Structure formats: C-alpha cells, structure tokens
Amino acid sequence: MSGSGRYLRYIVIAVFALAVIFLVSSSSTPSASGLHQSASELLKGSGSIWKGSGSSTPDKSGGTSGDVKDSELPKHTDSFKDNTSPNPVSGETRLPATPAPGERMNATFVTLARNSDVWDISRSIRQVEDRFNRKFNYDWVFLNDAEFDDTFKKVTSALTSGKTHYGKIGKEQWGFPEWIDQDKAKKVREDMHERKIIYGDSISYRHMCRYESGFFFQHDLMKNYEWYWRVEPSIELFCDIDYDPFKFMADNKKKYSFVLSLYEYVETIPTLWDSVKKFMKTHPEHIAEDNSMQFLSDDGGETYNKCHFWSNFEIGNLNWLRGKAYTDFFNQLDMDGGFFYERWGDAPVHSIAAGLMLKKDEIHFFNDIAYYHVPFTHCPTGQQYRIDKKCHCDPKDNFDWNGYSCTKRFYETNGMQLPDGYAVEQ
Ligand SMILES: Nc1nc2c(ncn2[C@@H]2O[C@H](COP(=O)(O)OP(=O)(O)O)[C@@H](O)[C@H]2O)c(=O)[nH]1
Ligand SMILES: [Mg+2]
C-alpha cells in the first residue's frame, strides 16, 4: 500500500473514533453542577451560542465582548472619547440578539434620564427591545446632568441588545446662560407656582427643555450618529415594528416624525411666537417654501395655534438639528430667554422648527407605531392592522381624532387621506 493510502486509512479511523467519542459524551446525562457550569459559561459570553451563532450577523471581531449586533454597523464608537463609560458588563447579560437581515442606518436611541429613572426607563427599554430593537440591535445613548451610577448602567445595558453609552452633560449646557436675569427668572417661577402651572416652579425642568431643544444632538456621544429615536421613561409600545423606521426615514427623505400631536398650554409660551416671527424676519432664507405653516397657524402666521408634535417620541435626523438653520433658530430663541422667563417646552420648539424649516413631506406621522406616554395613547386606526401587528392597545384610547389632538390638521395640511377605519373609529 502507498504512503498516501495509509494516511487516508488513519484519517478515516480518526474521524470514526472522534464521532464515537462525541456520541457517547453527548448522550450521557450531565450532573447538576455540570449544567450549572454550562449555563454560567453561556452567561459569561464565552459560549458561541450566546454570541449569536447561526445569526446573520456573526461577530467578526473574534473577541469575547458578546456584541454580536454591532458587527455589521458603522464603526462609530471608535471616536467616542469624552464622557463615555465602558459597558459595565461587556454585554454579558444582554438579551440574545436575533438580528433581522439587511443594512443598518447610522442611528441610535437616545434617552435623557436621572439615576432615579432607572426602573421607569427599564420598562420603556424592555418594550422597545421586544417590539423592535431585538431584531435590529441599534445602540442606545443615555445622557444625564449627573454621573450615571452602576445600577443604572448595569440594569439598562442588560436590557438592551445594542451597545450602550453613558454621558454626562456639561455645566454650560445645563445651567443659566449669563444673559439671563436670575431675579426675573425667579419671580416667574414663583408666579407660575401660584398659578399652579405644571412644572412652572421647576428649574431642572427648564434646563431639561432647553437641553432637549438645543443641545442633545451636540453631545460627543451623539456626534457620530445621523439618526436618533428619543425614548422617555414609562412609555409603552403596543404593536410589533417589523421594519426599520430609521431606514424608512432615510429612504423617504424624512427629517422629523411624530406619533402624537396636541395643543400646548398657552401659559408656558406667551411670547414664543413673537420670537419665531422675529426669526422669520431676520432669517427668511431658512424658511422652507413648501412648509407646514397651515399646521401651526390658522391665520397665515400672524398667531400660533399651539399645535405641536409631542417630542417625548421622536425619530429624526441629527444633521438637520446640527445644521445652520436650526442652530440660528435655537440661538435666537435662547437669547430671547423664554426657556427661563417663561417655560418653553422642547416640543413646540422642535415642532415650529420642523413646521417652518422643513418641507411638508419631510415630516412623517408614524401611524403604525403604537405608543403611550402619560396621559395619551396613539393606537393605530384600522382593526386589521392591529391584528396583523399583534397590538395590545385599546382603540378606544386612541387620541388622534380627539378634539385636543392636532393630527387631523396634519392630515389636512398634507392633503392626506385619513387612514382606513377612521370612519368607524373616530
Ligand atoms: N438627567 C435628568 N433628566 C431629566 C431631568 N428632568 C427630566 N429629565 C428627563 O427628561 C425627560 C422629560 O422629563 P419628564 O419628567 O418625562 O417630563 P414630561 O414628560 O414633560 O412630564 C425624561 O426623559 C426625563 O427622564 C433632570 O433633572 N435630569
Ligand atoms: Mg415624560
């Protein structure tokens, strides 16, 4: 027999022996401690099962980070330098990722929160992951005016399927600017307290509204992303989201989106529209020709009708917010001082900016994203849709066709047909 024939025989015998050993070992019953060990090994991320073997986005790095989900995403994390805390558990206890095929956008969830919000934001994250992100594995950026504590980081990073980043907000973006008259601002708060205006006496709420209006998209952790999806504590998602809304926005040239709209409390924004009119005069070049003035005003721009998109949910384009038009707009409002001399909310600020500086068709209403933030629900109109998407909201709670909602006005502004089912569900 030739040398190569002998080698072939050795290889066949070796393969046979290995197969026998494998069959014997896999049929034997593991001891309790053996079971325990393999479970803990899985949790440690050392087992390939946890890292998504068989998934369509295997970990190309070969590392043991457990971050299966970012392997096909743009590598934007490299440039994070400031305020980034490493993932405290290295992805070890995260939800198993079951990624949907297809490309990903350069996008992230973003949440502003306090450490005390940990359990309320956890409920939100769990729903966002269950209904959408466990299939898409987008990152999550958490921002806070204080340092996030270990509990916040551990709990939230365990619940998310994408990478998590935790950032602290600088003092200059969460404090009184030097041109604000502190005494005047204090008197306003006392007066609003007397008049029982919601959050009227709160300093931190004002910093929050100013931060969400003008700064969150400038944070170092946000700079490398193009798209954001804002999530607040204690929200709910009621239907499956089987497609990628970020990609939808990009593919359809949308810049801003909403699910609920309503009228703002006039007491919080008495002079906001004066500021806006001043801006329109000084910066006519920023006003879009085919804008949504009809959504914002009933008299061609003379007065504001208080309609706004509710900004606790937003999917939007960060480059638009970082661009010259929005920057000029925010700076003008900020100089006028209404975040402190009144109580301007980020919702009317974003909405007016989108309504005036974007083209009508750049704003999208996500009828199919079923959502709750106390006290309002958006439950999609159309029974068949709710069945198909496994929705668990009561259509009777839907706010869209209520007299205090501005959503019908959005349809009219855009010449859109009301959704199927409107006639019976309004
Ligand atoms: N870090 C931090 N986050 C805040 C503060 N106040 C509010 N937030 C966050 O800002 C968002 C809006 O606040 P929220 O209390 O939900 O206001 P509401 O929805 O208008 O009633 C939420 O994501 C909060 O977690 C604060 O003082 N510090
Ligand atoms: Mg809220």
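Computed from a predicted model, the values in this text were never measured in an experiment.

Asks: Which parts of the structure should I look at to understand the environment of A347?
Replies: Considering the arrangement of structural elements, one finds A347 in helix α13 (residues 346–357). We classify A347 as buried; its relative accessible area is 9%. Setting aside residues no more than four positions away along its own chain, A347 makes contact with H308, F309 and S311.

Asks: Teacher, can you tell me more about the coordination of the magnesium ion (ligand 2) here?
Replies: Angles between donor atoms at a metal ideally measure 109.5 degrees for a four-coordinate tetrahedral arrangement and either 90 or 180 degrees for a six-coordinate octahedral one. The protein atoms that coordinate the magnesium ion (ligand 2) are E232 (OE) and H373 (NE2), at distances spanning 1.9 to 2.2 Å. With E232 in the loop between β4 (227–230) and β5 (236–237) and H373 in strand β11 (residues 371–373), the pair connects residues that are 141 residues apart, well separated along the chain. For the pair E232 and H373, one class covers both residues: buried.

Asks: Is there a simple way to think about unusual backbone geometry in this case?
Replies: Both trends apply: most residues other than glycine have a negative phi, and most peptide bonds are in trans. Cis rather than trans, the peptide bond between V374 and P375 has omega equal to 5°. In this structure, P375 sits in the loop between β11 and β12 (376–378). Its identity is not glycine, yet N137 carries a phi of approximately 60°, on the positive side. Take N137: it is sitting in the loop between α3 (118–136) and β2 (139–144). Residue S234 is not a glycine yet carries a positive backbone phi of 65°. Tracing the backbone through its elements, the reader meets S234 in the loop between β4 and β5. When its relative accessible area of 22% is taken as the criterion, S234 is described as partly exposed.

Asks: What is the right way to read the pairing of β4 from this model?
Replies: If a strand is regular, its side chains alternate between the two faces of the sheet. Every second residue of β4 is oriented toward a common face, with W227 and W229 on one face and Y228 and R230 on the other, all of them buried. As paired elements, strand β1 (residues 107–112) and β4 share 4 bridges and run parallel to each other. Following the sheet pairing, T108 is matched in β4 by Y228. One ladder, built from 4 bridges, connects β4 with strand β9 (residues 314–317); its direction is antiparallel. Residue Y228 lies in a different strand from β9, and its bridge partner there is G316.

Asks: Honestly, the site of ligand 1 in this entry has me stumped. Any pointers?
Replies: In the vicinity of ligand 1 lie 14 residues, with L112, N144, D145, Y199 and Y205 positioned nearest. Separating an oxygen atom of ligand 1 from a backbone N or O atom of L112 is a distance of 2.6 Å. At 3.3 Å, a side-chain N or O of R114 approaches a nitrogen atom of ligand 1. With 3 residues, helix α6 (residues 203–214) is the single largest residue contributor to the shell around ligand 1.

Asks: In this structure, what is going on with the pattern of salt bridges? I would like to understand it.
Replies: A side chain with one charge may pair with a side chain of the opposite charge, provided their charged atoms come close. Evaluated as defined, the whole model comprises 24 salt bridges. With a closest N to O distance of 3.3 Å, D120 and R123 form a salt bridge. Within this pair, D120 and its partner R123 are both found in helix α3, separated by 3 residues, close to a single helical turn. R123 gets classed as partly exposed once you look at its relative accessible area, which sits at 47%. In this structure, the salt-bridge partner of R230 is D346, at a minimum N-O distance of 2.9 Å. Of this pair, R230 sits in strand β4 while D346 sits in helix α13, placing them 116 residues apart in sequence. Assigned by exposure class, R230 and D346 land together as buried. Among the ionic contacts, a cluster of salt bridges with common partners joins E212, R230, E232 and D346.

Asks: What's the story with the packing of helix α8 (residues 272–282) against helix α11 (residues 324–336) in this structure? I'm lost.
Replies: Geometrically, a packed helix pair is captured by the angle between its two axes and the distance between the axes. Relative orientation of the contacting elements α8 and α11 amounts to 135°, with a least axis distance of 10 Å. The orientation of α8 relative to α11 falls into the category oblique. Along this stretch, α8 crosses α11, giving a crossing that reads as right-handed. Along its contact with α8, which presents L272, S275, V276, K278, F279 and T282, the element α11 presents A325, D328, F329, Q332, L333 and D336. Split by residue class, the contact of α8 with α11 holds 6 nonpolar, 3 polar and 3 charged.

Asks: Could you clarify how one ought to interpret the side chain of H373 in this entry?
Replies: Taking the relative accessible area as the measure of exposure, H373 reaches 13% and is therefore buried. Reaching out from H373, the side chain makes a polar contact with the side chain of E232 at a distance of 3.0 Å. Those residues in contact with H373 that sit more than four places away from it in its chain are E232, I235, W310 and N312.

Asks: Looking at this structure, I do not really get the sheet that holds β12. What am I missing?
Replies: Reading across the sheet, the 3 strands line up as β5-β11-β12 and stay open at both edges, with antiparallel pairing between neighbours. Each edge of the sheet is formed by a strand with only one pairing partner; in this case those strands are β5 and β12. The sheet contact formed by β5 and β11 spans 2 bridges and is antiparallel. Paired with L237 across the bridge in β11 is Y371.

Asks: Explain helix α5 (residues 182–194) here, please?
Replies: Helix length check: α5, at 13 residues, gives a terminal C-alpha distance of 19 Å against a target of 18 Å (1.5 Å per residue), a fit within 8%. Buried within α5 are the following residues: A185, V188, R189 and M192. Down the axis of α5, the buried set is contained in an arc of 100°. They therefore lie on one face. Opposite the buried face of α5, at more than 90 degrees from it, the exposed residues are D183, K187 and E194. Where the residues of α5 are buried, they touch α6 and α12 (338–341). Measuring from the side-chain oxygen of the N-cap residue of α5 to the backbone nitrogen of D183 gives 3.0 Å; that N-cap residue is D181. Downstream of α5 by a residue or two, K196 has a phi angle that is positive, lying close to 55°.

Each value, and the rule that gives it
Residues numbered from 1 in each chain as written. Chains lettered and ligands numbered in written order. Predicted model: local features only at pLDDT ≥ 70, side-chain atom pairs only at ≥ 80, totals over all residues. Heavy atoms only, no water. Helix = DSSP H or I, 4+ residues; strand = E, 2+ residues; numbered from the N terminus. Buried < 20%, exposed > 50% of the residue type's maximum accessible area, 1.4 Å probe, protein only. Contact = heavy atoms within 4.5 Å. Donors = N, O, S within 2.8 Å, 3.2 Å for Na, K, Ca; no water. Pairing = 2+ DSSP bridges. Near = heavy atom within 4 Å. Polar contact = N/O pair within 3.5 Å; in protein donor to acceptor, adjacent residues only side chain to side chain. Salt bridge = Lys/Arg side-chain N within 4 Å of Asp/Glu carboxyl O. Axes fitted to C-alpha atoms, helices over the stretch in contact; angles between N-to-C directions. Parallel < 35°, antiparallel > 145°, perpendicular 65-115°, else oblique. Left-handed = near helix turned anticlockwise from the far one by under 90°. Nonpolar A, V, L, I, M, F, W, Y, C, P; charged D, E, K, R; others polar. Expected span 1.5 Å × (residues − 1). Arc of directions from axis to C-beta.

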